[in-house]
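Here is what each chain is made of, one letter per residue.
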Amino acid sequence: MSDGERMPQGSRRAVPNPSTSQPPNLSALLAAWFVANARDLPWRFERSPYRTLVSELMLQQTTVKTVVPRFERFVARFRGVASLAASTEQDVVEEWAGLGYYSRARNLHRAARIMVERHGGEVPRTAEELRALPGIGAYTAGAILSIAHGVRAACVDGNVRRVISRLDGRDYGARELEARAAELVPESGPGVWNEGLMELGATVCLPRDPACLLCPLGKVCRARAEGTVGQLPAAKARPATVAQEASYALILKDGSALLGRRPPGPLGGLWEFPGDRVPKTKLRETLREKLGVAAKIGAAVATARHSITHHRIAASLFAARLSAAPLARGYDGLNWVRMESLAGLPLTAAAKKLSSALLTSAPLQTPP
Ligand code: ADE
């Protein structure tokens, strides 16, 4: 404190009288906590609408831990909307390799081209314009508006739903929750409020074992006062899981494996070992359809389990030999890829798991 600011002798700082003070200002409590406790994430120390757009899209279905290094690489390679728009879709999808849900990469690329054509290369500032871009729904539009542009807009993801439902001590239906979230966003600092809620949900107000003692909203949390934190929000009913088999072929030539690029549609643009979500007995038929040639199927060389929504998939990779050179009948393209180069391609989740199972398993049996 400088001399000029020194408090006069004997004076006291004003302390609110607890019995007459205002109801707690939620946004001030959360903002103070966020400023002191926010994780040091790369889209936070340097802010721009473009960086917010990229980070929010990456964070839609991928964990913060996975996103951090990939975000930094992505924005170093595509430095802004214009550079993204000037790249090819393939470049963008390749840079997205490993993050999954590749439609996000294709949408981001298309969105960049639209922003160049219609918005002078800027990230739009209205919900209507943002929602008109491919891949941007209510959540991402709200995050960009509030965090990047300081516009009063809500964004509700799973973390925010949990925090609000506990704060109010009740469950909300989807529409009610949107309305409540919108009502809570302050005029001033909407981005800090939204990011603070996300951060609180990710680090303190956890689904199990929340750290209520560390919570800046603990004193005003209804669920905490009523002892219902553990029950809120109520778990959503999930569709029953369905078990499925998937069979793929490991076809080798000079030490390289044959991969097919999936056509537009589900998992479009991603590479996989030729095959499909079919049992082994249907693999020959599938290879004939997709590669236009007959195949001899041998033993399984790798297996992996993965889930897509409510499907629990048991995938197997079988050694196989083709009767002639393959044709890209059911694929957008075919490629012979060395095993050590597989990781550099945007692979389907099944192909990624099968190739790592293969690389960590015993030496390959020779094809039939
Ligand atoms: N999840 C979604 N958006 C986020 C953000 N901005 N920071 C941390 N986690 C997030």
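Residues numbered from 1 in each chain as written. Predicted model: local features only at pLDDT ≥ 70, side-chain atom pairs only at ≥ 80, totals over all residues. Heavy atoms only, no water.

Following the criterion strictly, the structure yields three aromatic pairs and no others. With a centroid separation of 4.9 Å and 55° between ring planes, the pair formed by Phe74 and Phe78 is classed as tilted. Comparing Phe74 with Phe78 shows no difference in burial state: the two are buried. Ring geometry for Phe74 versus Trp96: centroids 5.8 Å apart, planes at 90°, classification edge-to-face. Here the residue Phe74 occupies a position in helix α4 (residues 64–77), and Trp96 occupies one in the loop between α6 (89–95) and α7 (103–118), the gap between them amounting to 22 residues. Neither Phe74 nor Trp96 differs from the other in exposure class; each is buried. (Phe/Tyr/Trp six-rings, centres within 6.5 Å; stacked < 30°, edge-to-face > 60°. Buried < 20%, exposed > 50% of the residue type's maximum accessible area, 1.4 Å probe, protein only. Helix = DSSP H or I, 4+ residues; strand = E, 2+ residues; numbered from the N terminus.)

Looking now at the domain arrangement of the chain. If you check the domain split of the chain, you get domain 1 (26–231) and domain 2 (242–359). A straight line from the C-alpha centre of domain 1 to that of domain 2 covers 35 Å. At the junction of the two partners, domain 1 supplies seven residues and domain 2 supplies nine residues. Summed over both sides, the interface of domain 1 with domain 2 buries roughly 590 Å², with 50% coming from carbon and sulfur. Together, Gln90, Tyr102 and Arg106 form the three largest contributors to the area buried by domain 1 at its contact with domain 2, with a combined 57%. On the surface where domain 1 and domain 2 come into contact, there are zero salt bridges. (Domains from an automatic or database assignment. Contact = heavy atoms within 4.5 Å. Buried area = accessible area lost by both parts, 1.4 Å probe. Salt bridge = Lys/Arg side-chain N within 4 Å of Asp/Glu carboxyl O.)

A few words now on the packing of helix α9 (residues 138–149) against helix α12 (residues 190–203). Packed helices, taken two at a time, are described by the angle between their axes plus the distance between the axes. Where α9 contacts α12, the axes come no closer than 7 Å and their chain directions differ by 130°. Considered as vectors, α9 and α12 are oriented oblique to each other. For the pair formed by α9 and α12, the contact residues are Tyr139, Gly142, Ser146 and Ile147 on the first element and Pro190, Gly191, Asn194, Glu195 and Met198 on the second. Partitioning the contact of α9 with α12 into residue classes produces four nonpolar, four polar and one charged. (Axes fitted to C-alpha atoms, helices over the stretch in contact; angles between N-to-C directions. Parallel < 35°, antiparallel > 145°, perpendicular 65-115°, else oblique. Nonpolar A, V, L, I, M, F, W, Y, C, P; charged D, E, K, R; others polar.)

This part takes up the nonpolar core. Phe74 and Trp96 are the most contacted members of the largest nonpolar core, which totals 36 residues. For this core, the element with the most residues is α7, which contributes six residues. In terms of nonpolar packing, the next biggest core, distinct from the first, is built from 27 residues, Phe34, Ala181, Trp193 and Val204 among them. (Core = buried A, V, L, I, M, F, W, Y, C linked by side-chain atoms within 4.5 Å.)

Empty space left among the atoms is revealed by rolling a probe the size of a water molecule over them. In the structure shown here, the tally under the stated rule is two cavities of 30 Å³ or more. Volume-wise, the largest cavity comes out at about 120 Å³. Along the walls of the largest cavity sit 15 residues, with Arg166, Cys205, Cys212, Cys215 and Cys221 positioned nearest its centre. Here the element with the most residues in the lining of the largest cavity is helix α10 (residues 158–168); it accounts for three residues. Broken down by class, the residue content of the lining of the largest cavity amounts to twelve nonpolar, one polar and two charged. A volume near 40 Å³ is recorded for the second largest cavity. In terms of lining, the second largest cavity is formed by Trp43, Arg47, Arg51, Thr52, Ser55, Glu56, Ile147 and Glu195. (1 Å grid on protein atoms, 1.4 Å probe; cavity = no way out; pocket = protein on both sides within 12 Å on 5 of 7 lines; lining within 4 Å. Points joined across faces, edges and corners; volume = space filled by probe spheres on them.)

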